[in-house]
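# Summary of structural features
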Amino acid sequence: MAPPASPTKGQGLSLKRIVAWLAAAFLLLPVLVIIPISFTPERYLSLPKGAISLRHYESLVTDGRWSKSIVDSLIVGLGATVLATVLGVAFAVGAWRLGVPLAKRLRLLLLAPIIVPPIVHAVAFYRAWATLGLLDTYLGLILIHAMKGLPFVVLTVAGTLANVDPRLEQAARSLGADARQAMSWVILPQIRAGIVAGAAFAFITSWDETIVALFVTSRAVTTLPRRIWEGLADNIDPAIAALGTVMIVLTFVVVAITTARSASAKA
């Protein structure tokens with residue numbers, strides 16, 4: 001028979017669970033406060049008293065400023081994600097094939113957008129884009145966000161490529177496949193997870209970026225973070241709480257769907 005668990009060990013596990021739940025509550029409860037605030041009937045941030053209203057959710061659709069900012073963020077985010085994914089995958093695969101010290105140094109250089117403070121990027125791109133005439137344009141912001149999302153694509157794809165055997169591509173080439181076919185049929189299917197993860201990180205980076213957008217955009221392009229910033233600076237609009245609630249719900253839905261698919265795949 002197995003010896004009974006000691007009381008000290010059981011108390012230690014209980015203490016760890018309590019600390020874990022307290023930490024989770026510390027992180028989540030302040031975020032969940034915005035959910036009841038989003039239902040306030042007032043024009044300012046406040047908890048609903050007696051009555052609830054969906055007026056602020058309606059304003060996300062009917063107010064042209066909010067709908068335009070959501071569309072602009074989607075345009076910039078999708079464009080930056082596609083560009084960062086294509087360039088990141090190409091660089092990661094090229095560095096993986098070469099495997100020379102120069103490729104490793106270039107890979108470290110690509111981490112600069114993560115290391116350098118965003119305010120430095122903002123000032124530098126403002127001066128450069130003012131000279132090139134790209135201020136307050138979709139192209140200008142897409143290029144910047146693609147640059148900021150590129151390191152995440154390179155890191156995730158390089159991580160998956162580390163588990164790929166180079167001899168598989170050599171075998172495909174020896175069997176008559178050209179370089180394009182070997183890449184499409186052998187390499188890309190094995191690194192699909194890294195590509196999807198890198199693209200997701202690139203999109204999230206673009207969707208959440210604020211500092212550079214404040215410098216290089218004005219009226220023609222108004223991303224969602226910039227619109228939220230203006231709403232906080234001019235007048236604290238409860239529609240911000242409604243938007244936050246929608247994003248929280250969407251995040252939980254995506255996580256639940258992903259978890260369910262993973263569980264079904266394992267079963």
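A brief report on the enclosed structure follows. Each chain has its residues counted from 1, following the order in which its sequence is written. Local features in this predicted model are restricted to residues whose pLDDT is 70 or higher, and side-chain atom pairs enter the listing and the counts only when it is 80 or higher, whereas totals over whole chains, interfaces and linings include all residues. With hydrogens and water excluded, all non-hydrogen atoms of the structure serve as input to the side-chain values.

### Brief notes about the pattern of salt bridges
Put simply, a salt bridge is a Lys or Arg side-chain nitrogen that is within 4 Å of an Asp or Glu carboxyl oxygen. Within this structure, the stated rule accounts for 5 salt bridges. One salt bridge connects E169 with R97, and the closest N-O pair in it is separated by 2.4 Å. Of this pair, E169 sits in helix 9 (residues 166-174) while R97 sits in helix 4 (residues 64-98); the two residues are 72 residues apart in sequence, bridging distant segments of the chain. For the exposure calls, accessible area comes from a 1.4 Å probe over protein chains only, and a residue counts as buried if that area is under 20% of its type's maximum, exposed if over 50%, partly exposed in between. Take R97: its relative accessible area is 42%, and that puts it in the partly exposed class. A run of H or I in DSSP counts as a helix once it spans at least four residues, and a run of E counts as a strand once it spans at least two, with each numbered from the N terminus.

### Considerations on a nonpolar patch on the surface
Together, I119, V120, V123, Y126, I211 and F215 make up an exposed nonpolar region whose accessible area comes to about 480 Å². Elements supplying a minimum of two residues to the nonpolar patch: helix 7 (118-132) and helix 12 (211-216). Like-charged residues within 9 Å of one another, or nonpolar side chains (Val, Leu, Ile, Met, Phe, Trp, Tyr) within 5 Å, are grouped into patches, provided each residue has over 30% relative accessible area and no salt bridge. Only the protein chains shown count as cover for residues, and the accessible areas themselves come from Shrake-Rupley with a 1.4 Å probe.

### Looking at unusual backbone geometry
Despite not being glycine, D136 has its phi angle at roughly 60°, a positive value. Structurally, the position occupied by D136 is in the loop between helix 7 and helix 8 (138-161). For D136, a relative accessible area of 18% corresponds to the buried category.

### Details of the packing of helix 4 against helix 8
Each axis is a line fitted through C-alpha atoms, taken for helices only over the stretch in contact, and angles between the N-to-C directions span 0 to 180 degrees. It is the contact of helix 4 with helix 8, at a shortest axis distance of 6 Å, that shows an interaxial angle of 40°. When the interaxial angle is binned, helix 4 and helix 8 end up oblique. Here helix 4 and helix 8 pass one another in a crossing that is right-handed. We call Asp, Glu, Lys and Arg charged. Ala, Val, Leu, Ile, Met, Phe, Trp, Tyr, Cys and Pro are nonpolar, and the rest, Gly among them, are polar. The residue inventory of the contact of helix 4 with helix 8, partitioned by class, reads 22 nonpolar, 5 polar and 2 charged. Just so you know how the angles are binned, under 35 degrees is roughly parallel, over 145 roughly antiparallel, 65 to 115 roughly perpendicular, and the rest oblique. Here is the rule for handedness: rotate from the far helix to the near one, and if that takes an anticlockwise turn smaller than a right angle the crossing is left-handed, while a clockwise turn gives right-handed.

### Some details on the environment of T85
Inspection of the secondary structure assignment puts T85 in helix 4. Sequence-wise, T85 and A202 are 117 residues apart; in three dimensions their C-alpha atoms are separated by 7.8 Å.

### Some remarks on the packing of helix 8 against helix 11 (residues 192-208)
Their axes nearest at 8 Å, the elements helix 8 and helix 11 cross at an angle of 160°. Relative to helix 11, the element helix 8 is oriented roughly antiparallel. Considering the relative orientation of helix 8 and helix 11, their crossing is right-handed. In this structure, helix 8 contributes H145, K148, G149, F152, V153, T156, V157 and T160 to the contact, and helix 11 contributes G194, I195, A197, G198, A199, F201, A202, T205 and S206. Across the contact of helix 8 with helix 11, the residue classes tally to 8 nonpolar, 8 polar and 1 charged. We call two residues in contact when some of their heavy atoms are within 4.5 Å.

### Description of helix 3 (residues 55-62)
Of the residues making up helix 3, those classed as buried are H56, Y57, S59 and L60. For helix 3, the angular spread of buried residues about the axis comes to 155°, placing them on one side. Turned more than 90 degrees off the buried face of helix 3, the exposed positions are E58, V61 and T62. Those residues of helix 3 that are buried lie in contact with helix 4 and helix 14 (239-266). The arc in question is the one traced by the directions running from the helix axis out to the C-beta atoms.

### Concerning the nonpolar core
As used in this record, nonpolar core signifies buried Ala, Val, Leu, Ile, Met, Phe, Trp, Tyr and Cys residues forming a set joined through side-chain atoms within 4.5 Å. Core analysis: the biggest nonpolar cluster contains 32 residues, and V157, L161, I187 and I191 have the highest contact counts within it. For this core, the secondary-structure elements that each account for two or more residues are helix 4, helix 7, helix 8, helix 10 (179-190), helix 11 and helix 12. With residues near it in sequence (within four places) discarded, I191 still touches V93, V157, T160, L161 and V164. Ranked by size, the runner-up nonpolar core spans 9 residues in total, among them Y57, L60, W66 and A242.

### Looking at the packing of aromatic side chains
Stacked, edge-to-face and tilted labels apply to pairs of Phe, Tyr and Trp rings (six-membered ring for Trp) whose centres lie within 6.5 Å, assigned for plane angles under 30 degrees, over 60, and everything in between, in that order. Within the structure shown, the criterion is met by 4 aromatic pairs. With 5.3 Å between their ring centres and 40° between their planes, F39 and Y57 make a pair best called tilted. Of this pair, F39 sits in the loop between helix 2 (34-37) and helix 3 while Y57 sits in helix 3, and the two are 18 residues apart along the sequence. Taking the centre distance of 5.1 Å and the plane angle of 75° together, the rings of F125 and W129 count as edge-to-face. With F125 and W129 both in helix 7 and 4 residues apart, the pair spans about one turn of that helix. W129 carries the same exposure label as F125, and that label is buried. Criterion for a charge above a ring: Lys NZ or Arg CZ within 6 Å of the ring centre, and within 35 degrees of the ring normal. The cationic tip of R227 hangs over the ring face of W66; the distance from NZ or CZ to the ring centre is 4.5 Å.

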